[in-house]
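Read off the chains here:
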Amino acid sequence: MKKRAALFVTITGIMAVIGLITAVSCGAKSIPLKTIWDSLFHFEETLDMQLVRDLRLPRAICTALIGGFLGITGAMMQGVTRNPIAEPSIMGVSQGATLAVAIMGMSPSLYGVLGNTVAALIGASVSGFLVLLFSIQNARNMNISRLLLAGTALSTFFISLASVIAILSNKSQNLAYWVSGGFRTATWKSVWLLLIVGGICTLLALMLSSRINIVNLGEDVAIGLGENPVRVRVYTLLLIIPLCAISVSVAGCIGFVGLIIPHVVRRIVGVDYRYIMPVSFLAGGCLLIWADVAARLVNEPYETPIGLFTALIGIPFFIHLVRKERG
């Protein structure tokens, strides 16, 4: 098992590095590797070097970080709810952030004060609280179908409200971007936001991993071992909310990464969340890097929404999990 896990981490890390290089070099205009190297260490004011430094490099870093955040939040949510289909986009947390961004977009003055990040944080907080409330109330009898229905209802409700708001404010095109996801607006400011806020939350989440292990054993077992499951769920949601908020504020609502990745990782590294969470971060980053590369290359020079690729993989996977649970 350890050899298989080490091999998986090594291959995933190599694929992530290759993906980052491909993401920077490929696109509507191909850029040679030497130009990429020179733009990093011998920068000159040329068009290609500016394209690498100001557009493609921050975008590639954002895809890696957000993929990692989505992977680790999915693992955390599945761990504390003991639910194999729990994931921020399925449970409505990401859609809550999207709704808040749509509401703020109605008022230019309000948007100027708060911006996408604060709006997404507010929306993710509200939806995260609702998910937390439901999971606490059903902690001893966590029925997967009920939680699935609750999450689907929340997601549909938030997106429907966002759609109505976008239509009334004549901003349907902007909403379509948030719902489908993409990195067209990624900048170095986005990178610093993700590194600072996401980095702190990720470190705290990794420190919480041993307690998530205990909660994942079951309510009664956790209490018997001296752990408070409700408190751990609250701490976990408090970390998931800002991670989802900054991810949505930069890239919109990208689904299914947090559903797929923890399941794949769990099969390889085992059930210990001290390993599942960091490896999910790496694998999630790798998946989203290559999904963004595909989004830019599949229909050149136009860009395909990145959420389309994650959904094409995630929806069959999701159906398989539901069928397996029923069986």
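These lines cover the structure that appears in this document, whether it is placed above or below. Note that the coordinates shown come from a computational prediction; the quantities given were computed from them, not determined experimentally.

**Some words on the pattern of salt bridges**
Stage number 1. This structure, assessed with the given rule, holds 10 salt bridges.
Stage number 2. Across the pair Asp-48 and Lys-29 runs a salt bridge, and its minimum N-O distance is 3.5 Å. Of this pair, Asp-48 sits in helix 3 (residues 47-81) while Lys-29 is found in the loop between helix 1 (2-25) and helix 2 (33-41), placing the two residues 19 residues apart along the sequence.
Stage number 3. Take Lys-29: its relative accessible area is 37%, and that puts it in the partly exposed class.
Stage number 4. As a salt-bridge pair, Arg-59 and Asp-292 come within 2.7 Å of each other at their nearest N and O atoms. With Arg-59 in helix 3 and Asp-292 in helix 12 (residues 273-297), the pair connects residues that are 233 residues apart, well separated along the chain. Note on accessibility: Arg-59 and Asp-292 belong to one class, buried.
Stage number 5. A cluster of three or more residues bridged by salt bridges with shared partners is formed by Arg-59, Arg-184, Asp-292, Arg-296 and Glu-303.

**Details of helix 11 (residues 257-269)**
Stage number 1. Compared with the 18 Å implied by 1.5 Å per residue over 13 residues, the 18 Å span of helix 11 between its first and last C-alpha is a close match.
Stage number 2. With 11 of 13 residues buried, helix 11 is to be regarded as a mostly interior element.
Stage number 3. Listing the buried residues of helix 11 in full gives Val-257, Gly-258, Leu-259, Ile-260, Ile-261, Pro-262, His-263, Val-265, Arg-266, Ile-268 and Val-269.
Stage number 4. Residue Gly-270 follows helix 11 closely and has a positive phi angle near 100 degrees.

**A few points about a nonpolar patch on the surface**
Stage number 1. Taken together, the side chains of Trp-188, Trp-192, Leu-195, Ile-196, Ile-200, Leu-204 and Met-207 present a nonpolar region at the surface, about 740 Å² in accessible area.
Stage number 2. Relative to the helices and strands, Trp-192 is located in helix 8 (residues 188-216).
Stage number 3. By relative accessible area, Trp-192 is classed as exposed at 54%.

**A look at the packing of helix 1 against helix 12**
Stage number 1. Closest axis-to-axis distance for the helix 1/helix 12 pair is 9 Å, and the angle between their directions is 30 degrees. The element helix 1 and its partner helix 12 pack so that their crossing is left-handed. For the pair formed by helix 1 and helix 12, the contact residues are Phe-8, Val-9, Thr-12, Gly-13, Met-15, Ala-16, Ile-18, Gly-19, Leu-20, Thr-22, Ala-23 and Val-24 on the first element and Val-279, Leu-282, Ala-283, Cys-286, Ile-289, Trp-290, Val-293 and Arg-296 on the second.
Stage number 2. In terms of residue class, the contact of helix 1 with helix 12 is built from 15 nonpolar, four polar and one charged.

**Remarks on helix 10 (residues 229-251)**
Stage number 1. In a regular helix each residue adds 1.5 Å, so 23 residues correspond to 33 Å; helix 10 covers 32 Å between its end C-alpha atoms and thus fits that length.
Stage number 2. Most of helix 10 sits inside the fold, with 18 of its 23 residues counted as buried.
Stage number 3. Between the side-chain oxygen of the N-cap and the backbone nitrogen of Val-230 there are 3.1 Å, and the N-cap of helix 10 in question is Asn-228.

**Concerning the side chain of Arg-266**
Stage number 1. Note on placement: Arg-266 falls in helix 11.
Stage number 2. One buried charged residue, Arg-266, forms no salt bridge at all, with the nearest opposite charge on Asp-272 at 10 Å.
Stage number 3. Within the structure, the side chain of Arg-266 is placed 2.7 Å from the side chain of Gln-78, a separation counted as a polar contact.
Stage number 4. For Arg-266, the contacting residues outside a window of four places in its chain are Gln-78, Val-271, Tyr-273 and Ile-276.

**What to know about the packing of aromatic side chains**
Stage number 1. All told, the structure shown has three aromatic pairs when counted by the stated rule.
Stage number 2. Each ring, one from Phe-157 and one from Phe-158, has its centre 5.9 Å from the other, and the planes form 50 degrees; the classification is tilted.
Stage number 3. The ring of Phe-43 has Arg-53 sitting right over it, with the charged end atom 3.9 Å from the ring centre.

**What about the nonpolar core?**
Stage number 1. By size, the foremost hydrophobic cluster in this structure holds 76 residues, and its most contacted members are Phe-183 and Leu-288.
Stage number 2. The element contributing the most residues to this core is helix 10, with 11 residues.
Stage number 3. Excluding its chain neighbours within four sequence positions, the residues that come into contact with Leu-288 are Thr-63, Ile-66, Gly-67, Leu-70, Phe-183, Ile-254, Val-257, Ile-306 and Thr-310.
Stage number 4. Counting residues in hydrophobic clusters, the runner-up holds nine residues, among them Val-24, Ile-36, Leu-51 and Ala-60.

Parameters at a glance
- Residues numbered from 1 in each chain as written.
- Predicted model: local features only at pLDDT ≥ 70, side-chain atom pairs only at ≥ 80, totals over all residues.
- Heavy atoms only, no water.
- Salt bridge = Lys/Arg side-chain N within 4 Å of Asp/Glu carboxyl O.
- Helix = DSSP H or I, 4+ residues; strand = E, 2+ residues; numbered from the N terminus.
- Buried < 20%, exposed > 50% of the residue type's maximum accessible area, 1.4 Å probe, protein only.
- Expected span 1.5 Å × (residues − 1).
- Patch = residues over 30% accessible without salt bridge, like charges linked within 9 Å, V, L, I, M, F, W, Y side chains within 5 Å.
- Areas by Shrake-Rupley, 256 points an atom, 1.4 Å probe, with all protein chains shown as cover.
- Axes fitted to C-alpha atoms, helices over the stretch in contact; angles between N-to-C directions.
- Left-handed = near helix turned anticlockwise from the far one by under 90°.
- Contact = heavy atoms within 4.5 Å.
- Nonpolar A, V, L, I, M, F, W, Y, C, P; charged D, E, K, R; others polar.
- Polar contact = N/O pair within 3.5 Å; in protein donor to acceptor, adjacent residues only side chain to side chain.
- Lys, Arg positive; Asp, Glu negative; His and termini not counted.
- Phe/Tyr/Trp six-rings, centres within 6.5 Å; stacked < 30°, edge-to-face > 60°.
- Lys NZ or Arg CZ within 6 Å of the ring centre and 35° of its normal.
- Core = buried A, V, L, I, M, F, W, Y, C linked by side-chain atoms within 4.5 Å.

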